[in-house]
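Close look at the chain arrangement
The chain contents come next:
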Amino acid sequence: MTYKSTRSDQHCATASQAILNGIAPDGGLYTLDHLPTLSTDTLRQLVGASYQDVAKTILPLFLNDFTQEEIDYCVNSAYGVDNFNTDNMVVIQTIANRHYLELFHGKTLAFKDMALSILPYFMKVAAKKNHLKNELVILTATSGDTGKAALEAFKDVDGIHIFVFYPKEGVSPIQEKQMVTQSGNNVHVFGITGNFDDAQSQVKQLFNDNDLNSVLQDAGYQLTSANSINIGRLVPQIVYYVYAYAELVNSGKLTFGQPLNVSVPTGNFGNILAAYYAKALGVPLNTLLCASNENHVLSDFFQTGTYDKNRPFIVTNSPSMDILISSNLERLIYHATQHDAKLTQQLMAQLNETGSYALMDDGILNHFVADYISQDDTLQHIKAIFDETGYVIDTHTAVASALVERYERITNDSTPTLIAATASPYKFPQSVLGALTTVTNQDDFDCIQRLSQLSQTDIPQSVADLMHATIRFSLVIDATDIRSIITNHFKG
Ligand SMILES: *Cc1c(COP(=O)(O)O)cnc(C)c1O
């Protein structure tokens, strides 16, 4: 089992090399041609297992050159009460036949913690395994949540430096405050004047910029990625779909073998691709609902077969999904073309040149049902769920949840659904409170207090701490300046 670039057959890597490189030298994404599978017996044995034990079973299937001992070390180091406020890492809230999988119980209150908390340990093991001499420089473009989760995971890790670039006008005030107050002596945070796509394209270019890479090499550094283009980000996300299925069986909410739909609020296509990989493993997942916001380039793609990013970029109330170039879709395209790297490369070149491409599908797209939810419908859905049940969900989760409601209404499909609850409502207090009440123009921290009263949940400590945190980073740059920032920081 080897990882291959989606854009040519020349670049193969072991899992540990793929994690260290982040992206293949030709700009492709490291992907497996032969997806692993799990026997029914093994899946059955996971019913009642702890999250950590599920992780120890699933991760080795994808991380081919890690020993079980190394996997156990990574899991034991990352997945404990120091990093998560619940013993089982996640919480499942059930409302009728909808199961909200709360993936936001890590330090930064978004699902990104599930993978980013373990990524530094993967990198440490991978560096040792490959006798790496250089220090690692992580470049991260963020739509709001990856940045903070990566900063928190990598702060003060020896031999690693991290740079985060976020769209100055494209994240929630709480998300921004989380990032610009980050502690640690190896962290750097910049606002950029463009949007997430601008940051992501610049950063992706730098990974394959030979001049920059040789300057860094001479100084003893090399670049890598903490975005979901890195398989070290993607693989830990498969675990929670397996765990959730086993846990729903364990708690009597599903019978073993019963199908489960999954709905995922989607931006860069990482989280839902992980659900597809869990399905490929043999977990009885049926329809994968790909939920977009008003930047609905993905749902249009699934409906028409044409990917077309030539449209205005909209800053929405689910900012972590404000993306028009969805990186991980490239991996699905590669699978859809029966691993035709040449064709995938051509389609991606076309995307780069014209902003669009069309795919002749062999059927893989039929695993997915996609649609988008407007900002207004998102807010109304938050209100409706709260009025019915008292449960408060964030704007991203609401996009996925509202799509389930629409899908059930249109299709009469009564299969139970797992909804990826990707962020805590406390990360988006203005929008969420705006949905629940008519109160507006309140300070963020007033909104947080009110949200706590309404939802009868405690304000997470990390959010309370933000109120008095000192701002360390305030520089705003153009995305095209990222290169010179890195060069100047590291050159001799
Ligand atoms: C990143 C993010 C998403 C989108 O996930 P992708 O893996 O990029 O599709 C959705 N919701 C929240 C809260 C996020 O942080």
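Before reading on, note that the structure itself is shown above.
Only a predicted model underlies this, so the values are computations on that prediction, with no experimental measurement involved.

Side note on the nonpolar core
- Judged by nonpolar contacts, the single largest core of 113 residues is most densely connected at Phe 154 and Phe 302.
- Per-element tally for this core: the top contributor is helix H11 (residues 231–250), with 14 residues.
- Ignoring sequence-local partners within four residues, the contact set of Phe 154 consists of Leu 116, Leu 119, Pro 120, Met 123, Ile 138, Ile 160, Ile 162, Asn 186 and Ala 226.
- In this structure, Ile 385, Ile 419, Cys 447 and Leu 466 belong to the second largest nonpolar core, which totals 34 residues.

Some details on the pairing of strand S10 (residues 260–265)
- Taking burial as the measure, the six residues of S10 include six buried ones, the bulk of the element.
- Burial of the side chains of S10 extends over both faces: Leu 260, Val 262 and Val 264 are buried on one face and Asn 261, Ser 263 and Pro 265 on the other.
- The β-α-β motif built from S10, the intervening helix H12 (residues 270–281) and the parallel element strand S11 (residues 285–292) has right-handed crossover chirality.

Considerations on the site of the ligand
- Around the ligand sit 15 residues in total, of which Lys 112, Asp 145, Gly 267, Asn 268 and Asn 271 are the nearest.
- Residue Asn 268 places a main-chain N or O atom 2.7 Å away from an oxygen atom belonging to the ligand.
- At 3.2 Å from an oxygen atom of the ligand is found a main-chain nitrogen or oxygen belonging to Gly 270.
- Taking 380 Å² as the accessible area of the ligand by itself, protein coverage stands at 98%.

Observations regarding the packing of helix H8 (residues 173–180) against helix H19 (residues 444–455)
- Close contact between H8 and H19 brings their axes to 11 Å; oriented N to C, the two are set at 110°. Classified by the angle between their axes, H8 and H19 sit roughly perpendicular to one another. Here the hand of the crossing between H8 and H19 comes out left-handed. Every residue of H19 that contacts H8 at Pro 173, Ile 174 and Lys 177 is listed here: Asp 444, Phe 445 and Ile 448.
- Grouping the amino acids of the contact of H8 with H19 by side-chain chemistry returns four nonpolar, no polar and two charged.

Quick word on the environment of Ser 117
- Turning to its location among the elements, Ser 117 is positioned in the loop between helix H5 (112–116) and helix H6 (119–129).
- With ten residues separating them in the primary sequence, Ser 117 and Lys 107 have C-alpha atoms 8.9 Å apart.
- For Ser 117, the residues in contact, after removing those within four places along its chain, are Ala 78, Tyr 79, Asn 83, Phe 84 and Ala 153.
- A distance of 2.7 Å separates a polar side-chain atom of Ser 117 from the backbone oxygen of Asp 113.

Brief notes about the sheet that holds strand S3 (residues 30–32)
- Taken together, three strands build an open sheet; the order of strands is S2-S1-S3 and the sheet is antiparallel. In this open sheet, the two edge strands, each paired with only one partner strand, are strand S2 (12–13) and S3.

Looking at the pairing of strand S6 (residues 135–141)
- With six of seven residues buried, S6 lies mostly within the body of the structure.
- Of the pairings in the sheet, the one linking S6 to strand S7 (residues 160–167) comprises six bridges and is parallel in character. The residue of S7 that forms the bridge with Leu 136 is Ile 160.

Things to note about the packing of helix H13 (residues 297–304) against helix H14 (residues 329–336)
- The geometry of H13 relative to H14 is characterised by a closest axis approach of 13 Å and an angle of 15° between their N-to-C directions. Taken together, the axis directions place H13 and H14 in an arrangement best described as roughly parallel. Viewed along their axes, H13 and H14 form a crossing whose handedness is right-handed. Listed contacts from H14 to Leu 298, Phe 301 and Phe 302 of H13 are Leu 329, Leu 332 and Ile 333.
- A class-by-class count of the residues in the contact of H13 with H14 yields six nonpolar, no polar and no charged.

Calculation rules
Residues numbered from 1 in each chain as written. Predicted model: local features only at pLDDT ≥ 70, side-chain atom pairs only at ≥ 80, totals over all residues. Heavy atoms only, no water. Core = buried A, V, L, I, M, F, W, Y, C linked by side-chain atoms within 4.5 Å. Buried < 20%, exposed > 50% of the residue type's maximum accessible area, 1.4 Å probe, protein only. Helix = DSSP H or I, 4+ residues; strand = E, 2+ residues; numbered from the N terminus. Contact = heavy atoms within 4.5 Å. Right-handed = clockwise from strand over helix to strand, strands pointing away. Near = heavy atom within 4 Å. Polar contact = N/O pair within 3.5 Å; in protein donor to acceptor, adjacent residues only side chain to side chain. Areas by Shrake-Rupley, 256 points an atom, 1.4 Å probe, with all protein chains shown as cover. Axes fitted to C-alpha atoms, helices over the stretch in contact; angles between N-to-C directions. Parallel < 35°, antiparallel > 145°, perpendicular 65-115°, else oblique. Left-handed = near helix turned anticlockwise from the far one by under 90°. Nonpolar A, V, L, I, M, F, W, Y, C, P; charged D, E, K, R; others polar. Pairing = 2+ DSSP bridges.

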